[in-house]
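# Structural description and commentary
The chain contents come next:
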Amino acid sequence: MRIRRGRRRALAACALAAATLLTASGCAGAGEASGSGSGTTITVAIVANPQMQDVETLTSYFTRTHPGIHVKYVTLPENEARQKITESVATGSNEFDVVMISNYETPMWAKNGWLTDLQPYADGTPGYDPGDFVKPVKDSLSYRGDLYSVPFYGESSFLMYRKDLLAAHHLTMPEHPTWAQVAAIADKLDDPKHNLAGICLRGDPGWGENLAPLDTVINTFGGRWYDPQWNAQLDSPQVKKAVNFYVDLLHRDGEPGAATAGFTECGTDMAQGTAAMWYDATSAAGSLEDPTSSKVVGKIGYVQAPVEKTPSSGWLYSWSLGIPKTSAHQQAAWQFMSWATSKDYIKLVGSKLGWSRVPPGSRTSTYQLPQYEKAAAAFAKPTLEAISSADPGHPTVGAVPYTGVQFLDIPEFEDLGTRVSQQITAAVAGQQSADAALTQAQQYAQTVGDTYRKH
Amino acid sequence: MASATPTASSGAGARPAEVPARSKSRARKAGSRRRVLGQVSWTAGAWIAALIFFFPVLWMALTAFKQESAAYTTTPHLVFKPTLDQFRAVFDAGIGPYLANSATATLLSTLLVLVLGIPAAYALSIRPVRKTRDVLFFFISTKMLPGVAAIIPVYLAVRDLGALDSVWTLMVLYTAMNLPIAVWMMRSFFLEVPGEVLEAARVDGVTLRQEITRILLPIVAPGIAATALICVIFSWNEFFLALNLTSVRAGTMPIFLVGFMSSEGLYWAKLAAAATLACLPVLLAGWLAQKQLVRGLSMGAVK
């Protein structure tokens, strides 16, 4: 009897707990429903990175001037966001009114008819000034001359180096170094005994990971993925020379554990003072010059991406905002986007959150703001120069049938690039030679190339 | 313990007799010492193994109390100034709706699994239907297709039903996801029940419902608790379906967690804080069910 009562009591407790939870979730649902009752609710899918989280923080300034629009965010890490957004947009679902995409997706999706042409909106919004966007960024987000997504920020790649360490060794860094010069400096500075890597480069697998810097090296060594007839060129002497150079440099002077090191790991090495040089995204500079996250503030010099046979070599990447054609709230979506990519938004971030947190690389006017020039004195000019000189149409010496510097603007590249990058990682880890990696990569690439040759 | 022969009183004549006694006691001592040593080493071994397994969890909990920059130092610090900043950030990010969604989907789907699974397991064990083996295989075969292979059709079906971003959709899918495993598990528990007990009850004239609720269920309660806990864990941790089928309203805890992962900037401490909070309900459920669970998991072990 006693036991039974105890059991009954336990059951009652369980039921109560379940009921409470249900009520709680019911309340949450109800709250949201009433929120969308007055005015329009737009759903914005974004990639979880600090600058987009700043937009979330500052959204109240938008809703203050646009009381009829409620903004809801779906925040996911890069890979998950890409998958989710692609799935939603490609199947014509109307889950999202604003999506965060890049210059990889924009032209392809515009061609597929998945995105709203933003040119009329941009031209028709007083003070928006689309002509102010940094030109290569704007071009890379356009299809047939019309903007299909608007840049939230833009980046290229450049070389970051420790001025103090170079000075101590009586070395100087040219404004436009060659890879041979960089390798020579790395050889001299590398000092594993004192926990210092000569250079930090990404070795981790992923088409947006090690392939990003490596592709720029391949390009400037005169290599290419395909010739104009879509014959894969990954086992050509130029590509072999470039990849061997990259892998050898990592083996000789690279960071420990290079095969698993990416942007974050190299950034930490540089900020902690355990790497003398780092070739990576221009957007890294902000955190290296931030005293709360970096021990090397003021000690870093920034020069253009190292070259060999091309005049410039930096990549081009932009996180941008677009409207899926299926969105039912196009007008509201544009009002939000035009706010988040406006000149005023940049000033708002600067005044409310600090000038070092301004999204860089999207507008040339950002680089004329005296406060930003002061806050970003060390890297503003090299950043703008790097982005401005990126040339996705002609990434390498020879002609290519694709556009893109550190990626190929074809839908197959996500998969192909990732598989090739895994081969490269295996070479960085010492499991195979760079040549063996490229033999395998060539096969992968030719399979994709064949599908284009038939067209 | 045998007391040792006092050696102090030993005379010259007593010595020969003493030797075997002493060596015997020595052997006994050595034996007990060996036993104690064995026990100690086993205990130490068990502790070391437990610590190795527990360490990542501990590290996660510790990291949750660090500042972001401290969480990312190359030589990890065990001693640091604890902070609640990360937990504050997690609560500021609005953990509530995600927690409620996870709880709703998990509890209701587990309940549904039990409601549907218990009769199914009964029919496949106590009163086997025709072609039981085929039915069992059919159940488990639904687990053979990787979720990712079916996601686009599932997504389209859910979209056309207008059920995207709904916690009820997740509940239905989690039920379907866990049902085969639950039926298999519960069937093996049901098979353990002695047939005589049920026969005796039938002789006493119980109805089918009484047979299940009054006789069978109390006997297999540990097994059902184990099954329920596993369903809870699977649903609570499910990521892939939740990622694809929810956006703003129905997001679950795993979706909330990954929102902290950034390709730029530091996030380890915040992620650790969120993950620690996400673990707590499951940990609590496991702790409450522990006694039942140990019995339940070993129940089907010996046949």
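This one's a predicted model, so the numbers in the text were calculated from it and none came from an experiment. (Residues numbered from 1 in each chain as written. Chains lettered and ligands numbered in written order. Predicted model: local features only at pLDDT ≥ 70, side-chain atom pairs only at ≥ 80, totals over all residues. Heavy atoms only, no water.)

With respect to the secondary-structure elements, T43 of chain A resides in strand β1 (residues 40–47). Given a relative accessible area of 9%, T43 of chain A falls into the buried group. What T43 of chain A contacts, discounting residues up to four positions off in sequence, is K72, V74, E95, F96, D97 and V98 of chain A together with V248 of chain B. (Helix = DSSP H or I, 4+ residues; strand = E, 2+ residues; numbered from the N terminus. Buried < 20%, exposed > 50% of the residue type's maximum accessible area, 1.4 Å probe, protein only. Contact = heavy atoms within 4.5 Å.)

Residues and elements named next belong to chain A. By domain assignment, chain A separates into domain 1 (39–148 + 317–374) and domain 2 (157–316 + 393–453). Put simply, the middle of domain 1 and the middle of domain 2, counted by C-alpha atoms, are 29 Å apart. Contact residues are listed per partner, giving ten residues for domain 1 and eleven residues for domain 2. Buried area between domain 1 and domain 2, both sides added, is near 950 Å², and the carbon and sulfur share of it is 63%. Looking at the side of domain 1 that touches domain 2, the elements with two or more residues in it are α4 (105–111), α6 (135–140) and β10 (317–322). The greatest single-element share of the side of domain 1 that touches domain 2, amounting to three residues, is contributed by α6. When grouped by side-chain class, the residues that make up the side of domain 1 that touches domain 2 number six nonpolar, three polar and one charged. (Domains from an automatic or database assignment. Buried area = accessible area lost by both parts, 1.4 Å probe. Nonpolar A, V, L, I, M, F, W, Y, C, P; charged D, E, K, R; others polar.)

A separate point is the nonpolar core. In terms of nonpolar packing, the biggest core is built from 161 residues, with W179, W225, Y226 and F336 of chain A touching the most fellow members. Broken down by element, this core gets its largest block of residues, eight residues, from helix α10 (residues 237–253) of chain A. Among residues more than four places away in sequence, those in contact with W225 of chain A are L211, D215, N231, A232, Q233, L234, Y402, L408, F413, L416, G417 and V420 of chain A. Residues A120, A121, F139 and A228 of chain B belong to the second largest nonpolar core, which totals 26 residues. (Core = buried A, V, L, I, M, F, W, Y, C linked by side-chain atoms within 4.5 Å.)

So, about the pairing of strand β2 (residues 69–76) of chain A. Looking along a regular strand, one sees the side chains alternate between the two faces of the sheet. By the criterion of burial, β2 of chain A is predominantly enclosed, with six of the eight residues buried. For the crossover from β1 of chain A across helix α2 (residues 50–65) of chain A to β2 of chain A, the handedness is right-handed. (Right-handed = clockwise from strand over helix to strand, strands pointing away.)

Across a sheet, strands are paired by hydrogen bonds formed along the backbone, either parallel or antiparallel in direction. Residue and element names in this part refer to chain A. What the three strands build is an open sheet, ordered β8-β7-β9; its pairing is antiparallel. The strands lining the two open edges of the sheet, one partner per strand, are β8 (277–281) and β9 (300–304). Each adjacent strand pair in this sheet contributes to an overall mean axis angle of 30 degrees, direction not counted. Across the sheet, helix α16 (residues 380–389) lies against β7 (157–162) and β9, angled at about 20 degrees from β9, the strand it touches most. (Pairing = 2+ DSSP bridges. Axes fitted to C-alpha atoms, helices over the stretch in contact; angles between N-to-C directions.)

Let's shift gears to the packing of helix α9 (residues 208–237) of chain B against helix α12 (residues 268–288) of chain B. All names here are of chain B. Their axes nearest at 10 Å, the elements α9 and α12 cross at an angle of 175 degrees. With respect to their mutual orientation, α9 and α12 come out roughly antiparallel. In contact with L229, I233 and W236 of α9, α12 contributes A278, P281, V282, A285 and G286. Grouping the amino acids of the contact of α9 with α12 by side-chain chemistry returns seven nonpolar, one polar and no charged. (Parallel < 35°, antiparallel > 145°, perpendicular 65-115°, else oblique.)

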